[in-house]
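# Secondary and tertiary structure notes
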Amino acid sequence: MDHFLYRDGVLHAEDVPVAEIAAKVGTPFYCYSTATLLRHFRLFDEALAGMDHLVCYAMKAASNQAILKTLAQAGAGMDVVSGGEYARAIAAGVPGDKIVFSGVGKTHEEIRAALSTGIRQFNVESEPEMEVINEVALSLGKVAPITVRVNPDVDAKTHAKIATGKSENKFGIPIARAREVYARAAALPGLKVVGIDVHIGSQLTDLDPFRLAYRKVADLTETLRSDGHDIHRLDLGGGLGIPYTRSNEAPPLPVEYGAMIKEELGHLGCEIEIEPGRLIAGNAGIMVSKVIYVKSGEGRDFLILDGAMNDLLRPAMYEAHHDIVSVKEPAPGIEQQPYDIVGPVCETGDTFAKERMMAPLAPGDLVAFRSAGAYGAVMASEYNTRPLIPEVLVHEDQFAVIRERPTFDEMLKRDTIPEWL
Ligand SMILES: *Cc1c(COP(=O)(O)O)cnc(C)c1O
């Protein structure tokens, strides 16, 4: 459920007409709903009620500080995957002891920064990384809390680019080698083992792969405990999928996910962390764009929008589907027609949808891409020297620009011309 609904014939974000925002900030732009963000966070929080737990929002999904602050004020921790994300989380007021640091390539500098300011735990992804965290911790006179990310070799049954839990993926340590790696960790004085981490992929629409992975983690918990390790925290990753189409998708609900976690892991008495990103932000955001031209091609009509693949990469990158709706509600019973919906970038890949049935649209009309809140703004680029598009946050009847559109001047002055020119 989200808070982008038609009211009086126009799409609203909570209590604000989307067209009013467009008139103020121009198009294209991203628009997020506070109520939807909070609702999704609370669904997870409530799903784990009765277990000691922390929901660490995977902020790579949408990392604007206003979004982070909204969630942090509701009690969320953060899962970060770079020094930049760590800095954002701290700047948004998230305390270090609620930040977990994931990712396969943490650098010395990133590890040092996190240890200096404070970190809940590092999720270690390789043995060389474990040695470096130990060295950096010792050099600072600190002890780094760690989990080891194990790769359980399960098929997440999702898009190949976002499956992470098979043995051929670059993530984590093969679960079969975990005992060895934990023994090494225990021998390093700069590290304190606190638990186990697993994350098998994104946009999972079935609980079975999670269940298989968590069973393996439960077994491993017992084994490692019998080896003498203090395993008291299980980080179960993110990955629960969202419906990208209104009609025919019904991924499991957070409450079902939470019940499964209790069933598989409740008896271990561990603190549970989860790292949802997409399910918190995905349906809490839309991208709004304007029709520039309607172009008649051979046997098809193209809707040329002012938004493009550099603004919303998912269709080009993952063949992802986004529902696209007219901001003005189509009259009931109006005949739809097929459009190829494209952006202005000079690539055939800059196609959002083919033969999408829509009520007739004309230049100047606004459309909204639904489910664009996660992996939308954060993956945008300035390809074709197109400015990064603004982000807007709505809260009931108020809205605020939470990231401005840069001017061409601001963009151009980041280049510097060498002396010899
Ligand atoms: C991407 C990622 C997540 C979030 O995945 P979602 O599908 O957005 O929930 C969580 N943890 C790690 C380690 C990740 O890389």
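In the nomenclature of an unreviewed UniProt entry, the protein chain is known as Diaminopimelate decarboxylase of Thalassovita autumnalis. Quoted straight from UniProt, the Subunit (unreviewed entry) entry for the protein chain says "Homodimer."

In this section: the overall build of the protein chain. When helices and strands are counted, the protein chain shows 12 helices and 21 strands. On C-alpha atoms alone, the protein chain measures out to a radius of gyration of 23 Å, which is about the 22 Å that the 2.2 N^0.38 rule sets for 421 residues. Seen through its principal axes, the protein chain has C-alpha atoms that stretch 70 × 60 × 40 Å. Within the protein chain, the proportion of its 421 residues that are buried is 54%.

Time to look at the site of the ligand. Around the ligand sit 15 residues in total, of which Lys60, Ser202, Glu275, Arg278 and Tyr375 are the nearest. Contacts to the ligand include Asp79, whose side-chain N or O atom sits 3.3 Å from a nitrogen atom. Looking at side-chain class alone, the shell around the ligand contains 3 nonpolar, 7 polar and 5 charged residues.

With the rule as written, the count across this model stands at 0 disulfides. Cysteine Cys56 shares no disulfide, and the gap to the nearest cysteine sulfur, in Cys270, comes to 15 Å. For Cys56, a relative accessible area of 0% gives the class buried.

Parameters at a glance
- Residues numbered from 1 in each chain as written.
- Predicted model: local features only at pLDDT ≥ 70, side-chain atom pairs only at ≥ 80, totals over all residues.
- Heavy atoms only, no water.
- UniProt positions renumbered as here; feature names shortened; annotations may be inferred.
- Helix = DSSP H or I, 4+ residues; strand = E, 2+ residues; numbered from the N terminus.
- Rg over C-alpha atoms; globule rule 2.2 N^0.38 Å.
- Buried < 20%, exposed > 50% of the residue type's maximum accessible area, 1.4 Å probe, protein only.
- Near = heavy atom within 4 Å.
- Polar contact = N/O pair within 3.5 Å; in protein donor to acceptor, adjacent residues only side chain to side chain.
- Nonpolar A, V, L, I, M, F, W, Y, C, P; charged D, E, K, R; others polar.
- Disulfide = S-S within 2.5 Å.

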